[in-house]
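The lines below spell out each chain.
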Amino acid sequence: MKKILTAIVFMISVSVFAQNKTITGSITDSFSNPLPGATIIVKGTTNGTTTDFDGRYALEAKSGDVLTISYVGFKSQEVKVGESFSINITMIEDASALEEVVVIGYGTVKKKDLTGSVSVVNTDDALMAPVASVQDALQGRASGVQVTSNGGAPGTTPDIIIRGGNSITGGNGPLYVIDGFVGAGNISSLNPNDIESMQVLKDASSTAIYGARGTNGVILITTKKGKTGKPVVNFKASSGIQTLPGEIDVQDRLEFATWSNNIHPDQSNLPYDLNNLPGTETNWQETMTRPAVMSDYQLSVSGGSENTQYYVSAGFLNQEGIVLGSDFKRYSLRTNIDTKISKVFKAGVNIALSRTDRDNNDVNFQGLLRHDPSKPAFDDQGNYTTGSSELLGTETDNLLANAQLNQDDTTLDKIFINTYIQATLSDNLVLKSTFSGDFLYNKRHRFIPSVNPSKINNNGDLASGNINTFYDADFLNENSINYNKTFGDHSLNLLGAVTFQTHSRETTNISASQIPSDGVGINAIQLAPAEQVSTSTGYTEDHLIGILGRVQYSFRDKYLLTASIRRDGSSRLGINNRWNNFPSVGAAWKIQEEPFMQNLDVVDALKLRVSYGQTGNQGANPFVTLANFGITNNTIVVNGVRVPGVTQGQLAKPNLGWETTDQYDLGLEFSLFNSRFSGEVDVYYKKTQDLLLNEPQMGFTGFNTQLTNIGAVQNKGIDVSLNGVFVRTKDFQWDASLTISKYENEVLDLGQSTFIETKRLGAPANDRSSELRVGQPFGVFIGAIYDGFDPATGEAIFRDISGPNGEPDGVYTAEYDDTIIGNANPDFYGGFQTSVKYKNFDLAAFFTFSVGNENYNEEMFRSIETTVNSFAHVRNNMWTPQTPDNALYPGFDTYNYDRSSSLYVQDASYLRLTTMQLGYSFPNDLVAGISKIRTYITGTNLFLLKDADYLGFDPDVNTGSGLARGFDGIAYPKNRSILLGVDVKF
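So, here's what we can say about the structure. For every chain, the first residue of the written sequence is number 1, and numbering continues from 1 onward in sequence order. Where totals are concerned, whole chains, interfaces and linings use all residues; where local detail is concerned, this predicted model gives features only for residues with pLDDT of at least 70, and gives and counts side-chain atom pairs only at 80 or more. Heavy atoms from the whole structure form the basis of all side-chain values; hydrogens and water molecules are not counted.

## Focus: the nonpolar core
Keep this limit in mind: Only buried Ala, Val, Leu, Ile, Met, Phe, Trp, Tyr and Cys residues count toward a nonpolar core, and they belong to the same one when joined by side-chain atoms within 4.5 Å. Note on exposure labels: buried denotes an accessible area under 20% of the residue type's maximum, exposed denotes more than 50%, and partly exposed covers the range between, all computed with a 1.4 Å probe on protein chains only. The helix count covers DSSP runs of H or I at least four residues long, the strand count covers runs of E at least two residues long, and both are numbered beginning at the N terminus. Here, residues are in contact when the closest pair of their heavy atoms is within 4.5 Å.
The biggest cluster of nonpolar side chains holds 58 residues, and the ones touching the most others in it are Met-288, Leu-368, Tyr-856, Met-860, Val-874, Tyr-897 and Tyr-904. Of all elements in the fold, only helix H4 (253-263), helix H5 (284-288), helix H6 (365-370), helix H7 (399-405), strand E41 (786-789) and strand E42 (796-798) reach the threshold of two or more residues within this core. Element by element, the count of residues in this core is highest for H4, at four residues. Discounting residues that sit within four places of it in the chain, Met-860 has contacts with Phe-871, Val-874, Tyr-889, Tyr-897, Leu-903, Tyr-904 and Leu-951. The next biggest cluster of nonpolar side chains, apart from the first, holds 43 residues, and it includes Ile-160, Leu-175, Val-200 and Phe-416.

## With respect to a positive patch on the surface
For clarity, the cut-off: Residues form patches when they are more than 30% accessible in relative terms and have no salt bridge. Like charges link within 9 Å. Nonpolar side chains (Val, Leu, Ile, Met, Phe, Trp, Tyr) link within 5 Å. Only the protein chains shown count as cover for residues, with accessible areas throughout obtained via the Shrake-Rupley method and a probe of 1.4 Å. The term salt bridge refers to a side-chain nitrogen of Lys or Arg lying within 4 Å of a carboxyl oxygen of Asp or Glu. Residues scored as charged are limited to Lys and Arg (positive) and Asp and Glu (negative), so that His and the chain ends carry no count. Throughout, a charge is located at the NZ atom of Lys, the CZ atom of Arg, the CG atom of Asp or the CD atom of Glu.
A cluster of basic residues, Lys-340, Lys-343, Lys-346 and Lys-432, forms a positive patch on the protein surface. Here Lys-346 lies in strand E21 (residues 345-359).

## With respect to the pairing of strand E48 (residues 910-921)
Threshold: Strand pairing follows a simple DSSP-based rule, namely that at least 2 bridges must link the two strands.
In terms of strand pairing, strand E45 (residues 841-851) meets E48 through ten bridges, oriented antiparallel. For Phe-841, the partnering residue across the bridge sits in E48 and is Tyr-920. Here E48 pairs with strand E49 (residues 932-946) via eleven bridges, running antiparallel. Residue pairing across strands places Leu-911 opposite Leu-945, the latter belonging to E49.

## A word on the sheet that holds strand E39 (residues 768-773)
This is how the line gets drawn: To define axes, lines are fitted to C-alpha atoms, for helices over the stretch in contact only, and angles between the resulting N-to-C directions are given on a 0 to 180 degree scale.
Here four strands make up an open sheet; going across it, the order is E38-E39-E40-E43 and the pairing antiparallel. Strands at the two margins of the open sheet, each flanked by one partner only, are strand E38 (755-760) and strand E43 (819-823). Averaged over all neighbouring strand pairs, the angle between strand axes comes to 40°, with direction disregarded. Looking at chain direction, E38 and E39 are connected through five bridges and run antiparallel. The residue of E39 that forms the bridge with Arg-760 is Arg-768.

## Overview of a nonpolar patch on the surface
Taken together, the side chains of Ile-341, Val-344, Phe-345, Ile-421, Leu-425, Leu-431, Phe-435 and Ile-481 present a nonpolar region at the surface, about 680 Å² in accessible area. Considering the arrangement of structural elements, one finds Val-344 in the loop between strand E20 (327-340) and E21. When its relative accessible area of 31% is taken as the criterion, Val-344 is described as partly exposed.

## Considerations on the pattern of salt bridges
Inspection of the entire model under this criterion finds 41 salt bridges. Close ionic contact of Lys-414 with Asp-438 constitutes a salt bridge, the shortest N to O distance being 3.5 Å. One end of the pair, Lys-414, is in strand E22 (residues 407-424); the other, Asp-438, is in strand E23 (residues 429-448), with 24 residues separating them in the sequence. Note on accessibility: Lys-414 and Asp-438 belong to one class, buried. Linking Asp-787 and Arg-799 is a salt bridge whose minimum nitrogen-to-oxygen distance equals 2.9 Å. Linking Asp-787 in strand E41 with Arg-799 in the loop between E42 and helix H9 (814-817), this pair joins segments that are twelve residues apart in sequence. Residue class for Asp-787 comes out partly exposed when judged on its relative accessible area of 36%. The class of Arg-799 is partly exposed, set by a relative accessible area of 39%. Overlapping salt bridges bring together Lys-111, Arg-163, Lys-202, Lys-607, Arg-609, Asp-665, Glu-669, Glu-680, Asp-682 and Asp-719 as one network.

## Brief notes about the environment of Ala-763
As for its position among the elements, Ala-763 is in the loop between E38 and E39. Residue class for Ala-763 comes out partly exposed when judged on its relative accessible area of 47%. Measuring from C-alpha to C-alpha, the distance between Ala-763 and Pro-973 comes to 24 Å, with 210 residues separating the pair along the chain.

## Focus on the sheet that holds strand E14 (residues 181-182)
Pairing is mixed in the open sheet, where five strands are placed in the order E10-E15-E16-E13-E14. Sheet topology places strand E10 (118-121) and E14 at the edges, where each strand pairs with a single neighbour.

## A few points about H4
Counted only if it meets this: Under this definition, polar contacts are N or O atom pairs within 3.5 Å; protein pairs additionally need one hydrogen-donor-capable and one acceptor-capable atom, and for neighbouring residues in sequence, both atoms have to be side-chain atoms.
The element H4 is extensively covered by neighbouring structure, given that eight of its eleven residues are classed as buried. Residues of H4 that are buried: Arg-253, Phe-256, Ala-257, Trp-259, Ser-260, Asn-261, Asn-262 and Ile-263. Those residues of H4 hidden inside the fold are in contact with helix H10 (872-876). Two to three positions downstream of the cap, the backbone nitrogen of Leu-254 sits 3.2 Å from a side-chain oxygen, assigning the N-cap of H4 to Asp-252.

Here it is as structure tokens:
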């Protein structure tokens, strides 16, 4: 009996021992700082969890289980569960900040092993505020990356240039690679909340692996993936108000009438009685703008077992525009799945569905400023006002009617599918194939109903409209082999790949007038008379084949070498020049590993690297190298009847080839004082040759110009990134980061030309205002140097520089005296962020700046047009015979204003408080089952320091196109926003 009781007690003890229990504890670093997001998994199972904001966790386990704890930047640890219910872990840093793993072309590498220049963007900081465009989040975040706004309309994407412009006609925008898909086109539909990491490849050692499209730099975007463990549900929501930061001061009725009287040539017969002004005082900036709501909602679920991991997300962004008639919505769904099929095979699929709806701002803000200050939006009966302006004396549209009645919207549907299968044949050998498709359907509808006052005023015109659609299909197949081997002091990685990519676009355009119905909008376009309908269609297709290889070698983890070569063939180029090779080589020396550095405890890491490479640009449009025919519209007469005809459209270009860029880079990376202070400094030089330019042709060819490879440009500069951790204790942390960049750009050769005109002032001036000139950078302004005005006559004084004999002749003549009057390129630009955390509170502020650049105010020359409103500061301080004293601007005369001059060039330097966020994280035990609750308030565009005399809204803008940089035509202004948000994790 005693033996039986002993056996029962033993079995009960074993049963109790085997039962699960709740293990709790905290995960901290060596400074006792909590590590939120650390992963704790019961080894050999899918049972796991992550730490909350305070580094605490709770997990079901039983005695004898082994817990695996991991956290990025720290060594993984394993701890065996004993009798205790509490296990606290202090993580040990794996190495310095240079140990992070970064994504590069066709692979990943530890940052400490990089031989090229790669900027890693902190996505948590960059995306702290909701953004409609991923590109907006890059401004100031990576050295060498210049982001310039095209205006603040919802859904507008900025221009991005990396290390200066390289091309004149081939484009200067970077190549985007999303989850390995090369050439991801329209990325406005990408949900920023799905982004895990962003890297910017800047030097040719990094970008040459992309060959034909790597010249302008590469932006690598990796989306989030699931992690082994229990499902994690994350919900984020934010909402707030956007407002117009300020108004541009234009004339009111009294100011306009006073100015008009002062400039009138017959002072005995003035046009206006200042005591009896026509119309009603109307502030059109106030009428056409509003406080606008912006809301962003994000939901994601991620998790998985050891064999399969998943990430699923849904997002909705709704941004009203601060100007009536401009809104933007984005809907997104994403599923990323990775699964281990067997010990050898692994497969995955990323599927992203998105739709963006954009109400295009039908009201040009430039036109809004010019509008009649005496014309109200509605008459006494509540109808839209029509007819001519009593004050301006011209016919003007009713801007409010345009915004509320007209239809101008764009819908973009996108499906992105990226699949792969991978075979791990051994510990050293991996084969991988990817099959991807990117499909985009874009539809734009424009409709002006017959009830619009502009139609009523035009003899009662019926409605008019336009339907424009295009469909893009992009297919990519890549097949790669990767071999890794470490033997003794040597480490080797070999990569080989073949890629096939094809892209096609179909376009359709239908326009019609005299549509007899307003009721169903653009859908009534088929009711228009046949003679009032025009249609056009188009189709393009191009193909790219690439063969590439790369060798990465390391000796004693101290001396590093990377060499790559890619051979690309593009159907866009001439049949005799479709193929080209793009080699690169980079080397790095980890100086801190040398014996003479071992006693320098302050140095954690010190690496010197140097690289060279050649990249290309296939910037020619599809079919541009082929001879084709054009259609003439009823210009041929047959038997007295005009009929369509056919003529030669363009000549063949069998020898048209690549633009090629050679780039050299020298960089230094360092980490000091236990990673408290770290940074990178790069200097570079690059030269682009064989530019795609239109060269003048002999008249007998029937063509004025022909696209060919001539010309060259160069860029040189320096990129600096600095990071500092000033305080790090258990309750208080303070860190900061700075990026600052400088580049110099120069046009070296333009073939037979010494200059190329890039922009002119609008009518009636029509004077050239920007050119490309040999020996000068992109983005210089051309015109007369303004030296003030004659106080007796108000006539502008333009500098006499030269004359017919090469000497000043005492007379200003545009042919001899026009010169460079400004430069849109900054002396330097960048961004600065500082972050503070005290217990559960956190505060971050991010500033962007640009110094030394100039803008050309395109609107200022219209100050003498009496049929439009304009800047009050200019007109109220314009010299007139009645107000000659204290004048700041020359008198009312076309000689003074209808020419390009330095009078219109303004200092465009600025400092902006781009984003500020204050957050509070609640204790993790506040609500059972919720591991994280964080609330925050975010402000954007809170502060802007600019030149006091700057007449536009914001110097960070360019309303020019292509190479016409630095023009301010009064674009849609950036909003100022205050948003409240919450971030909850289950």
